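Descriptive analysis of the structure
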2 protein chains.
Amino acid sequence: MVPRPEGPQPRPHALPQTTEDDIDAVDEQLLALLQANGRASYAELARQVGLSAPAVHERVGKLETAGVITGYTAVVDPSAVGLGVTALVGIIDSDEVDDVGMLEAMSALPQVQDCWRTAGTEGYVLKVRVTDIPALEDTINALNRVRGVSRTRTTVVLSTKWEGRHGRTE
Amino acid sequence: MVPRPEGPQPRPHALPQTTEDDIDAVDEQLLALLQANGRASYAELARQVGLSAPAVHERVGKLETAGVITGYTAVVDPSAVGLGVTALVGIIDSDEVDDVGMLEAMSALPQVQDCWRTAGTEGYVLKVRVTDIPALEDTINALNRVRGVSRTRTTVVLSTKWEGRHGRTE
DNA sequence: AATGAAATCTATGGCAA
DNA sequence: TTGCCATAGATTTCATT
């Protein structure tokens, strides 16, 4: 371990560097507002950023067509709809197999809400949400049966402290 | 391992069992529609479920006050706003320490988008999104400096296959 | 990007089943 | 209790400047 006498002062965080189509300060404001409340009206957004509603409408439209905003969604409490169990499942893939087939098999399971391709001993990590522990067992069994999956490692989530936070808490 | 000669037919998935205030079929439809498009107008929703706009308005309002719908959010492509690196960070907590303090410290880092309390060797798993690898290093350093954190284990996400899927793909 | 205007939508109170 | 109707007020979304 590299010696670390005093806590190194953290690098000043790089601000989102312009990707291509420049996102100006107003756009960033709009993104923040829409992430906080995806149903905010254009009129409301206009008030907050100090532009007219049509101007906001156009900007948001551009953010959508540019693929910056990929959609809008209602955030639903999982337990309120019977999904009481969350788990993270690491997938240890056996050998070099057809990745496409594995992805198809995993995406066929609606319980798999998130799927990340990862570096490390686990080739994928999945976030799974199911009604109860037996359903989790079913899911693990199903995943282990997928061609190319050698083993899985499941971590049960005891509680979700937060999820999908956007706020640049500064 | 319990022998299981032929692929066990998966348990028929338990449908979301009524939590308390019963969520009927129309409510489920509304939830699905709003998860797919959080900005759908009440008029549009009304068309889709075959009710009047006021009726839909009332139902959605109830779902909100009941805490089933906890909010609405725009889905933003992270890389479009400069967040090019995603990682999952497992937190191995040292001993029995003040959990509240740890949570506060972790939530003070806006890069930590998700935070799950987990069973297993890792007491927490975090999903972190940052601009680049140096920023990831900073984050790992910051997390390791948190009182109560003994060690961290970071898994870099190579690509996000999907995230926040709701669709009961049936 | 602002203005103004027409079409649409929201949201409430009252009424019916 | 739940949904529908009517309506006043907002909002969206043009065309124009």
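Just so we're clear, the structure is a prediction, and the values are computed from it rather than from any experiment.

1. Comments concerning the packing of aromatic side chains
- Applying the stated rule across the entire model yields zero aromatic pairs over all chains.
- In this structure, arginine 117 of chain A is placed above the aromatic ring of tyrosine 124 of chain A, and the distance from its NZ or CZ to the ring centre is 4.6 Å.
- Just above the ring of tyrosine 72 of chain A sits the side chain of arginine 39 of chain B; from NZ or CZ to the centre is 5.4 Å.

2. Considerations on the protein's contact with DNA strand C
- Residues in close proximity to DNA strand C include Leu51, Ser52, Pro54, Ala55 and Arg59 of chain A together with Ser41, Tyr42, Ala43, Arg47, Pro54 and His57 of chain B, which together make up its full environment.
- In DNA strand C, atoms within 4 Å of the protein come from the sugar-phosphate backbone in 76% of cases.
- In the model, a phosphate oxygen of DNA strand C is placed 3.1 Å from a nitrogen or oxygen of the alanine 43 of chain B main chain.
- At a separation of 3.5 Å, a phosphate oxygen of DNA strand C approaches a polar side-chain atom of arginine 47 of chain B.
- Where the surface near DNA strand C is concerned, the elements lending two or more residues are helix 3 (53-65) of chain A together with helix 2 (42-49) and helix 3 (53-65) of chain B.
- Residue composition of the surface near DNA strand C, grouped by class: six nonpolar, three polar and two charged.

3. Focus: the protein's contact with DNA strand D
- The environment of DNA strand D is made up of Ser41, Tyr42, Ala43, Arg47, Pro54 and His57 of chain A together with Leu51, Ser52, Pro54, Ala55, Arg59 and Lys62 of chain B.
- Sugar and phosphate atoms represent 81% of those atoms of DNA strand D found within 4 Å of the protein.
- Elements that contribute at least two residues to the surface near DNA strand D include exactly helix 2 (42-49) and helix 3 of chain A together with helix 3 of chain B.
- Among the elements that take part in the surface near DNA strand D, helix 3 of chain B stands out by supplying four residues, more than any other.
- Considering only residue class, the surface near DNA strand D consists of six nonpolar, three polar and three charged.

4. Structural notes on the relation of the copies chain B and chain A
- Least-squares fitting of chain B to chain A yields an RMSD of 0.1 Å, with the superposition described by an axial translation of 0.0 Å and a rotation of 180 degrees. When the rotation and shift are considered jointly, the pair of chain copies conforms to a two-fold rotation axis.
- Most of the interface of chain B is mirrored in chain A, where 100% of its interface residues are also at the interface.

5. Concerning empty space enclosed by the protein
- Tallying each qualifying case throughout the model produces one cavity of 30 Å³ or more.
- By volume, the largest cavity is sized at about 160 Å³.
- In terms of lining residues, the largest cavity is bounded by 14 residues, among which Leu88, Val125 and Arg153 of chain A together with Val125 and Arg153 of chain B are the most central.
- Of all elements in the fold, only strand 2 (85-93) and strand 5 (149-162) of chain A together with strand 2 (85-93) and strand 5 (149-162) of chain B reach the threshold of two or more residues within the lining of the largest cavity.

6. With respect to the domain arrangement of chain A
- Here chain A is partitioned into domain 1 (21-65) and domain 2 (78-156).
- Taking only C-alpha atoms into account, the centre of domain 1 of chain A sits 36 Å from that of domain 2 of chain A.

7. Observations regarding the side chain of arginine 117 of chain B
- With respect to the helices and strands, arginine 117 of chain B occurs in strand 3 (residues 112-118).
- A distance of 2.6 Å separates the side chain of arginine 117 of chain B from the backbone oxygen of glycine 123 of chain B, its partner in a polar contact.
- If sequence neighbours within four positions are ignored, arginine 117 of chain B has contacts with Val156, Val157, Leu158, Ser159 and Lys161 of chain A together with Asp99, Gly123 and Tyr124 of chain B.

8. Points about the UniProt feature "domain: HTH asnC-type" (unreviewed entry) in chain A
- When the UniProt feature table is mapped to this numbering, "domain: HTH asnC-type" (unreviewed entry) covers residues 23-84 of chain A.
- As annotated, residues 23-84 of chain A has a helix share of 53% and a strand share of 13%, and its two end C-alpha atoms lie 39 Å apart.

9. Re helix 2 of chain B
Residues and elements named next belong to chain B.
- Taken residue by residue, helix 2 has Leu45, Ala46 and Val49 as its buried positions. Viewed along the axis of helix 2, the buried residues span an arc of 105 degrees, placing them on a single side of the element.
- Along its buried surface, helix 2 packs onto helix 1 (25-36) and helix 3.
- Glycine 50 lies just past helix 2 and shows a positive phi near 75 degrees.

10. Observations concerning the environment of valine 76 of chain B
- Structurally, valine 76 of chain B can be placed in strand 1 (residues 69-76).
- Valine 76 of chain B gets classed as buried once you look at its relative accessible area, which sits at 13%.
- Valine 76 of chain B has contacts with Leu31, Gln35, Val68 and Ile69 of chain A together with Val81 of chain B, leaving out every residue within four places of it along the chain.

The rules behind each value
Within each chain, residue numbers correspond to sequence positions counted from 1 in written order. Throughout, the order in which chains and ligands are written sets their labels, letters from A for the former and numbers from 1 for the latter. This being a predicted model, a pLDDT of at least 70 is required before a residue's local features are given, and a value of 80 or more before pairs of side-chain atoms are given or counted; all residues contribute to the totals for chains, interfaces and linings. Side-chain figures throughout are based on the complete set of non-hydrogen atoms in the structure, without hydrogens or water. Any two rings among Phe, Tyr and Trp, with Trp reduced to its six-membered ring, count as a pair given centres within 6.5 Å; such a pair is stacked if its planes are under 30 degrees apart, edge-to-face if over 60, and tilted if neither. Sitting over a ring, as applied to charges here, requires NZ of Lys or CZ of Arg to be within 6 Å of the ring centre and within 35 degrees of the ring normal. We define proximity as follows: a residue is near a molecule or strand when any one of its heavy atoms falls within 4 Å of that partner. Polar contact criterion, stated in full: a pair of N or O atoms within 3.5 Å, where within protein one must be able to donate a hydrogen and the other to accept it, and residues adjacent in sequence count only if both atoms are side-chain atoms. Helix numbers and strand numbers start at the N terminus; a helix is a DSSP run of H or I with at least 4 residues, a strand a run of E with at least 2. Note on residue classes: Ala, Val, Leu, Ile, Met, Phe, Trp, Tyr, Cys and Pro are nonpolar, Asp, Glu, Lys and Arg are charged, and everything else, Gly too, is polar. Alignment of the copies relies on least squares applied to C-alpha atoms, considering only residues that score at least 70 for pLDDT in both. Any two residues having at least one pair of non-hydrogen atoms within 4.5 Å are treated as being in contact. Grid points spaced at 1 Å over the protein atoms alone were grouped into cavities, where a 1.4 Å probe fits but cannot get out, and pockets, open sets with protein on both sides within 12 Å along at least five of seven lines, with lining residues defined by an atom within 4 Å of a point. Grid points are joined across faces, edges and corners, and a volume is the space filled by probe spheres set on the points. The domain boundaries here were taken from an automatic or database domain assignment. UniProt positions are given in the numbering used here, feature names are shortened, and annotations may be inferred rather than shown by experiment. Only protein chains enter the accessibility calculation, which uses a 1.4 Å probe; a residue is then buried when its area is under 20% of its type maximum, exposed when over 50%, and partly exposed in between. Throughout, the arc means the angular range of directions from the helix axis out to the C-beta atoms.

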